[in-house]
Amino acid sequence: MTSTTRLTVAQALVRFLSAQYTERDGARHRLIGATWGIFGHGNVAGIGQALVEYGDVMPYHQGRNEQAMVHAAVGYARQSGRLSTHAVTTSIGPGATNLVTGAALATINHLPVLLLPGDVFAARPADPVLQQLEVPYAGDVSVNDCLRPVSRYFDRITRPEALIPSALQAMRVLTDPVETGAVTLALPQDVQAEAYDWPDEFFAERTWVVRRPGADPTELAEAVTAIRGARRPLLVAGGGVHHSRAEAALAEFAAVTRIPVASTQAGKGSLRFDHPQDVGGVGHTGTATADELARTADLVIGVGTRYTDFTTASGTLFAHPDVRFLNLNIAPYDGHKLAGMPLIADARSGLMELTEALEMHAYRVAASYLAEYTEDKERWEQRVDACYEADEPDVRPTQPQVLGVLDALVDESDVIINAAGSLPGDLHKLWRARSRDQYHVEYGYSCMGYEIPAAIGVKLAAPERRVWALVGDGTYLMMPTEIVTAVQENVAIKVLLVQNHGYASIGGLSEETGAERFGTAYRHRAADGTFTGAPLPVDLAANAASLGMRVLRAKTVSDLREALAEARDADTPTCVYVETQTADTVSGPPPAQAWWDVPVAETATRPSAVKARELYERHVSTRRRHLC
């Protein structure tokens, strides 16, 4: 007879989660490292009580915003190589719907996170209950159904025994390198508190092996033939290189073949910036070196990339008339993009197999090609130096100069986190990544408000690292709340808060597309009704200090050097606040080296929009659909 233990559903779930592990390359990791939670009537007596009951096996973190809790879990998961993550519990109603943005971010970026929103009563003893959405055409719909399209797995646990197969499926998806993303188990509040006799086997330790599939021999042979036949190959490294921990394999591949390596936002840092084959970011926010190589490449080798529009310059970048694509990807969906030759495999396994095969054929790109991109890379580095240089140390810095001061200070142990605004473009072009995980820019969803909670998650995953959240004023105002969490738990993140009085990135884009920076500046309303008055008297440094964070103000480049150095050595949460020059110029880095499609009004009377439409049509005419 099977032995059982009588527990509530919530207690059983917490015990089950505490016994789940992952394993890859012989290393074992706890899958659910902790649970974040904000409690309300939909989870306080269920999951909340269970976390009290089993606090010895399931650590708990107190959040201030449900979306931010997901961001913290995602930051933890990314820093942990997708081998460990956190769970997030909320009440019903607004607590649950606040998860949607974070869930979308996790799923788009292929990062695991477990969401446990409370739900309305399964037994419906009172209908409707507080915060319940009434749907006249369906009795089994709640606000949690908003999470279905942004989750890789979704289930509503309406009976205790249904938790067993659902929990196992949830773990399968979280640990699947192809399927992983947000996983949602909606938990009706009455079911959470209901008791059941659980088979003890349910609580036994389980280890989920994260597989590394190798390439199909036929696909591998075709890939080798394609590379050997290419005169101007270019490798585009995506986030899959990092997820697979394939950086060393990529470095070996590049050293053997001398094929240049460009990187997407997610893939930057796949090679160190000073590796001979690293040519920097590619696409709309890429370097001139990488983008020119992309325009002339006859073979593009995509490794772990989704080929977003920023990478392909909205279909205008890869311009060689005979260009072909070879896509090494663990996901068949991505492997077949751009009518490419698929090489479906784990990034590390596939790169090692390619390297071995090409080494047997003594394949290497022509010396003239190597010399060409090496010289171009040196010229680009000179442009970076010029952007970073601050000739007048006693004046307010530009945004690139802010990055230059930080660049001169950090080493490979520092982690730089960013997500939205003008900073991702500057970072992709200019930042010199020194280690595989130093560059942490979330650009799949480009979610304002990600940086501070994600920094907490990264610091929890790697407490020995110095973790910097680079935050613009627009992003800061979206979600500064988790500063309180960092202070409460003394998570010694460093926040670099850049004030440029508005949505600088979108302001620049607005100007380019004929919208005249409308609604993008943080300024008083002028007499003509526009927001062109004086900058708003908002003191973000004082706000951060009011939330308990130590704040260092920097007015000049010299001040900034001193403040950043002091913050870097701090063992408490510390913010460096700096106001940059001229928001009207956005940031002053080299302009975009490739186009990005943001449709412009087809009809307009204002000259700026008419001119922008003419330029838009010229760019659109260069777009290609890669079909063969």
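Caption draft 1: Structural detail: the overall build of the protein. Within the protein, the secondary structure is distributed over 24 helices and 23 strands. Radius of gyration (C-alpha) of the protein: 25 Å, near the 25 Å computed for a compact globule of 628 residues. Dimensions of the protein, computed from C-alpha atoms along their principal axes, come out at roughly 75 × 70 × 55 Å. Charge-centre separation for the protein: the mean point of 57 positive side chains lies 2 Å from the mean point of 75 negative side chains.

Caption draft 2: Spatial organisation of the environment of Y373. Assignment of secondary structure puts Y373 in helix α15 (residues 367–388). Classification of Y373 as buried rests on a relative accessible area of 0%. Sequence spacing of Y373 and A290 is 83 residues, and the spatial spacing of their C-alpha atoms is 8.5 Å. For Y373, the side chain forms a polar contact with the side chain of Q277, separated by 2.9 Å.

Caption draft 3: View of the sheet that holds strand β17 (residues 341–344). Pairing is parallel across the open sheet formed by 6 strands, whose spatial order is β14-β13-β12-β15-β16-β17. Lying at the two open borders of the sheet, with one neighbouring strand each, are β14 (278–281) and β17. Going from strand to strand, the sheet's axes swing by 20° on average, the running direction of each strand aside. As paired strands, strand β16 (residues 324–329) and β17 are joined by 4 bridges and run parallel to one another. From the neighbouring strand, N327 faces β17, where its bridge partner is P342. In the packing of helix α14 (residues 347–360) onto the sheet, the strands contacted are β12 (233–237), β15 (299–303), β16 and β17, and the crossing angle to β16 comes to about 125°.

Caption draft 4: Region of interest: a negative patch on the surface. A grouping of E389, D391, E392, D394, D559 and E562 is seen on the molecular surface, where their side chains present a negatively charged patch. If you trace the backbone, D559 turns up in helix α23 (residues 557–569).

Caption draft 5: Spotlight on the sheet that holds strand β18 (residues 414–418). Here 6 strands make up an open sheet; going across it, the order is β19-β18-β20-β21-β23-β22 and the pairing parallel. Every interior strand has two partners, whereas the edge strands, β19 (439–441) and β22 (550–554), have only one. Neighbour to neighbour, the strand axes of the sheet diverge by 20° on average, direction disregarded. Of the strand pairs in this sheet, β18 and strand β20 (residues 466–472) are connected by 4 bridges, and their pairing is parallel. In the sheet register, V415 faces β20, and the bridge partner there is V467. The strands touched by α23 are β18, β20, β21 (494–499), β22 and β23 (574–579); relative to β22, the strand with the most contacts, the crossing angle is about 160°.

Caption draft 6: Seen up close, the pattern of salt bridges. Applying the stated criterion to the full structure yields 31 salt bridges. Between E161 and R159 there is a salt bridge, with the nearest N and O atoms lying 3.6 Å from each other. In this structure, R465 and D437 form a salt bridge, with 2.9 Å as the shortest nitrogen-oxygen distance. Taken together, the residues R465 in the loop between α18 (451–461) and β20 and D437 in the loop between α17 (423–430) and β19 connect sequence positions 28 residues apart. Pair check on accessibility: R465 and D437 agree, each one buried. Because the salt bridges share partners, they merge into one network encompassing D25, R212, D346 and R348.

Caption draft 7: Here's a closer look at the pairing of strand β6 (residues 85–90). Across the 6 residues of β6, 6 count as buried, placing the element largely inside the fold. Pairing geometry for strand β4 (residues 32–37) and β6, over 5 bridges, is parallel. Bridge assignment links A34 to a residue of β6, and that residue is H86.

Caption draft 8: The side chain of K377, seen in detail. Mapping K377 onto the fold places it in helix α15. For the buried residue K377, which engages in no salt bridge, the nearest side chain bearing the opposite charge is D278, 4.7 Å off. Excluding its chain neighbours within four sequence positions, the residues that come into contact with K377 are F273, D274, H275, P276, D278 and T289.

Caption draft 9: Representation of empty space enclosed by the protein in the model. Within this structure, the stated rule accounts for 2 cavities of 30 Å³ or more. In this structure, the largest cavity occupies an estimated 170 Å³ of space. Around the largest cavity sit 21 residues that line it, and K268, D278, G280, E381 and W431 are the ones nearest its centre. Considering only residue class, the lining of the largest cavity consists of 8 nonpolar, 6 polar and 7 charged.

Caption draft 10: Highlighting the packing of aromatic side chains. Here the structure, examined in full by the defined rule, presents 12 aromatic pairs. Three or more aromatic residues link up through ring pairs in this structure, and these residues are F16, Y196, W198, F202 and F203. Between the NZ or CZ atom of R28 and the centre of the ring of Y21, over which it lies, the distance is 3.9 Å. One Lys or Arg, R553, reaches over the ring of Y577 and ends 5.8 Å from the middle of that ring.

Thresholds applied
Residues numbered from 1 in each chain as written. Predicted model: local features only at pLDDT ≥ 70, side-chain atom pairs only at ≥ 80, totals over all residues. Heavy atoms only, no water. Helix = DSSP H or I, 4+ residues; strand = E, 2+ residues; numbered from the N terminus. Rg over C-alpha atoms; globule rule 2.2 N^0.38 Å. Lys, Arg positive; Asp, Glu negative; His and termini not counted. Charge placed at Lys NZ, Arg CZ, Asp CG, Glu CD. Buried < 20%, exposed > 50% of the residue type's maximum accessible area, 1.4 Å probe, protein only. Polar contact = N/O pair within 3.5 Å; in protein donor to acceptor, adjacent residues only side chain to side chain. Pairing = 2+ DSSP bridges. Axes fitted to C-alpha atoms, helices over the stretch in contact; angles between N-to-C directions. Contact = heavy atoms within 4.5 Å. Patch = residues over 30% accessible without salt bridge, like charges linked within 9 Å, V, L, I, M, F, W, Y side chains within 5 Å. Areas by Shrake-Rupley, 256 points an atom, 1.4 Å probe, with all protein chains shown as cover. Salt bridge = Lys/Arg side-chain N within 4 Å of Asp/Glu carboxyl O. 1 Å grid on protein atoms, 1.4 Å probe; cavity = no way out; pocket = protein on both sides within 12 Å on 5 of 7 lines; lining within 4 Å. Points joined across faces, edges and corners; volume = space filled by probe spheres on them. Nonpolar A, V, L, I, M, F, W, Y, C, P; charged D, E, K, R; others polar. Phe/Tyr/Trp six-rings, centres within 6.5 Å; stacked < 30°, edge-to-face > 60°. Lys NZ or Arg CZ within 6 Å of the ring centre and 35° of its normal.

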